[in-house]
Amino acid sequence: MLIIAANIKNSSLVARERAAGELVYFEDNDNDIVKRLGVIASSYDLTAHNSQRLECYLVFNDSTSLWLLQTIGLTKEIVEKVDVFATTMEDLLAKAVFLKLPNCQSPLPPLDRMPITYNSESTVHLVIIGFSSLSESLAINASLVAHYPNYCRDVKLRTRITIIDVNIYDGKDKLTQRYVHLFDNSYYRTIDLSDANPQCVLHRPKYEHKRKDFVDIEWEFVNGNVRNEAVRQKLAEWSTDVSQQLTIAICHNDQENNYTEAFSLPLDVYNNNVPILCYSDQSDIIRMTSAESTYSSIHPFGRNLCDIRILRILKHLAQRVNYVYNHCFSLAPCDPITAPSIIDEEKLDMQWRNVGSLPKQYSNIFNAMTLATKMHSIGHTSDDWQEYYALTLDEIKILTEVEHNRWNVEELILGYRPTTDEEQKLIENDIAQKKVLRNKKIHYDLRAFDDLRSDSTGKNVNVYDMALTQGIPLIIKSCISD
């Protein structure tokens, strides 16, 4: 295994991997990382390695580099020889915070502390205080993970992500321009508390009232800080609101400011045990002081949580997601929709090599990130994954729709957009045009679940969501025993 990283020579992540005997290269910047990758790929002999690609993890310095690889990918020459998984330290830390994975214990509470079922009235609300690279990573990873069944019953029950900063407009513009298709199709509102008479500006999805709502995440951008009385009042109200499961993440670049603010929130936040995630690499003082019951809900988190093992487990899960998808794709239209009964390891590796592009690979990875969330929504935690063998028909039905809702957000993040009315008619007249447009990152299936149609195989595309849902126990169990 190979790791190529920028600007993290003193990271415990690198120290662990070096101690384990892995090959680690340090580069000054992200451009040099990619140059190093190209040199390694050009000299790597697949024949000498029994056609096995080189396993490689890239740790970029900048989120733009990660975004480019996730949405555009790498050259065919590199992908054919190297199995690349790219991240940044902030992205990896966000995954350590939010993901629950087989064989990997997380010390932090989940966003959905109580299971959110089809009939639940509660929603997840993540409040991020301070805009930074870590804030962006937390926001995007949360939007990839936090998808729940009750939205299928009532589209008003969306996950909300609120970001508060004294100069929120720079952060808002960065997010809405980078993830333009996500925000074009989402509800988000902006409020400037520095105004004498603050007004809420609401952005509505592009196809509101023309198509059924299909994005289950909503956003809020607040220009202000936690010392603002209006912000404090809102935090107190949200803390006592039984209809939302609130988590607060304090993510300024100034870590001393983070723990100052963590201990200075409204009393209602502490009294209601709202999890407060405080970004700090010096966590001992926070743990010592937060041991007192009033502040017991403060959870420090820092780069010591970053571990390449998180990405390895995610990739193992993603390979199995891809395997289940391929199994379903090969079924004839008249065949019953079922997940495979076993996973053939030889086919697994071959099919992963044939994924062909990083964006498609990340699609499988993003699916794998939500397996624990889905299991929790039907009442199962990691403690009983080993004993859980199959989902009921009702569970499959509801989680199939959740999977499609999750996929909608994922594809928007990966740079796809829905078809226009004219493009829809073009595909309806000639199904072959679906692939033509998809290659231009225009996706016909970005729509509400009950509006999904058939693809070129003659199957309604919801069968892929169904098969992936049926395969969850097999995917998880095969990784536990892997």
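As the structure is a computational prediction, the values presented were derived from the model and not from experiment.

Asks: Just to check I follow, could you spell out the overall build of the protein for this structure?
Replies: The secondary structure content of the protein amounts to 22 helices and 14 strands. On C-alpha atoms alone, the protein measures out to a radius of gyration of 22 Å, which is about the 23 Å that the 2.2 N^0.38 rule sets for 482 residues. The burial tally for the protein puts 57% of its 482 residues in the buried class. Contacts in the protein between residues far apart in sequence, at least 24 positions, make up 74% of those at least 6 positions apart. Approximately 20600 Å² of the protein is accessible, and the part contributed by carbon and sulfur atoms is 49%. Distance from the positive charge centre (50 side chains) to the negative charge centre (65 side chains) of the protein: 4 Å.

Asks: I keep staring at the pattern of salt bridges and nothing clicks. Help me out?
Replies: Pairing of side chains with opposite charge becomes possible as their charged atoms draw close. Under the criterion given, the structure shown has 31 salt bridges. Where Glu-220 meets Arg-160, a salt bridge forms, and the shortest distance between an N and an O atom there is 3.7 Å. Of this pair, Glu-220 sits in strand β9 (residues 217–223) while Arg-160 is found in strand β6 (residues 159–165), placing the two residues 60 residues apart along the sequence. In this structure Glu-220 comes out as buried when scored by relative accessible area, which is 6%. Several salt bridges converge on common partners, so that one network encompasses Arg-158, Arg-160, Arg-189, Asp-213, Glu-218 and Glu-220.

Asks: How do you make sense of the nonpolar core when you look at a structure like this?
Replies: Membership of the largest hydrophobic core comes to 113 residues, with the highest contact counts inside it found for Leu-37, Leu-58, Leu-138, Ile-163, Trp-219, Phe-301 and Tyr-362. For this core, the element with the most residues is helix α14 (residues 308–329), which contributes 10 residues. Beyond its immediate chain neighbours, meaning those up to four positions away, Ile-163 contacts Ile-128, Phe-131, Ala-139, Ile-168, Leu-175, Glu-220, Phe-221 and Val-222. Membership of the second largest hydrophobic core comes to 21 residues, among which are Ile-129, Leu-193, Val-226 and Ala-262.

Asks: Mind showing me how you'd approach the packing of helix α5 (residues 89–98) against α14 here?
Replies: Axis angle and axis distance: for two packed helices, these are the angle between their axes and the distance between the axes, and together they describe the pair. With their axes 10 Å apart at the nearest point, α5 and α14 run at an angle of 70 degrees to one another. By the criterion of interaxial angle, the relationship of α5 to α14 is roughly perpendicular. Taken together, the residues of α14 that come into contact with α5 (itself represented by Leu-92, Lys-95 and Ala-96) are Ile-308, Ile-310, Leu-311 and Leu-314. Grouping the constituent residues of the contact of α5 with α14 by class yields six nonpolar, no polar and one charged.

Asks: Even after reading the chapter, I still don't get unusual backbone geometry, so can you show me in this structure?
Replies: At His-209, a residue that is not glycine, the phi angle is positive and equals roughly 75 degrees. Inspection of the secondary structure assignment puts His-209 in the loop between β8 (200–203) and β9. When its relative accessible area of 76% is taken as the criterion, His-209 is described as exposed. The phi torsion at Asn-273 lies on the positive side, around 55 degrees, for a residue other than glycine. Note that Asn-273 resides in the loop between α12 (267–271) and β11 (276–279).

Asks: What exactly am I supposed to notice about the pairing of strand β1 (residues 2–6) here?
Replies: On any regular strand, side chains alternate: one points to one face of the sheet, the next to the other face. The element β1 is extensively covered by neighbouring structure, given that five of its five residues are classed as buried. Relative to strand β2 (residues 23–27), β1 is paired through five bridges, and the arrangement is parallel. Bridging from a neighbouring strand, Ala-5 pairs with Phe-26 of β2.

Rules used in this analysis
Residues numbered from 1 in each chain as written. Predicted model: local features only at pLDDT ≥ 70, side-chain atom pairs only at ≥ 80, totals over all residues. Heavy atoms only, no water. Helix = DSSP H or I, 4+ residues; strand = E, 2+ residues; numbered from the N terminus. Rg over C-alpha atoms; globule rule 2.2 N^0.38 Å. Buried < 20%, exposed > 50% of the residue type's maximum accessible area, 1.4 Å probe, protein only. Contact = heavy atoms within 4.5 Å. Areas by Shrake-Rupley, 256 points an atom, 1.4 Å probe, with all protein chains shown as cover. Lys, Arg positive; Asp, Glu negative; His and termini not counted. Charge placed at Lys NZ, Arg CZ, Asp CG, Glu CD. Salt bridge = Lys/Arg side-chain N within 4 Å of Asp/Glu carboxyl O. Core = buried A, V, L, I, M, F, W, Y, C linked by side-chain atoms within 4.5 Å. Axes fitted to C-alpha atoms, helices over the stretch in contact; angles between N-to-C directions. Parallel < 35°, antiparallel > 145°, perpendicular 65-115°, else oblique. Nonpolar A, V, L, I, M, F, W, Y, C, P; charged D, E, K, R; others polar. Pairing = 2+ DSSP bridges.

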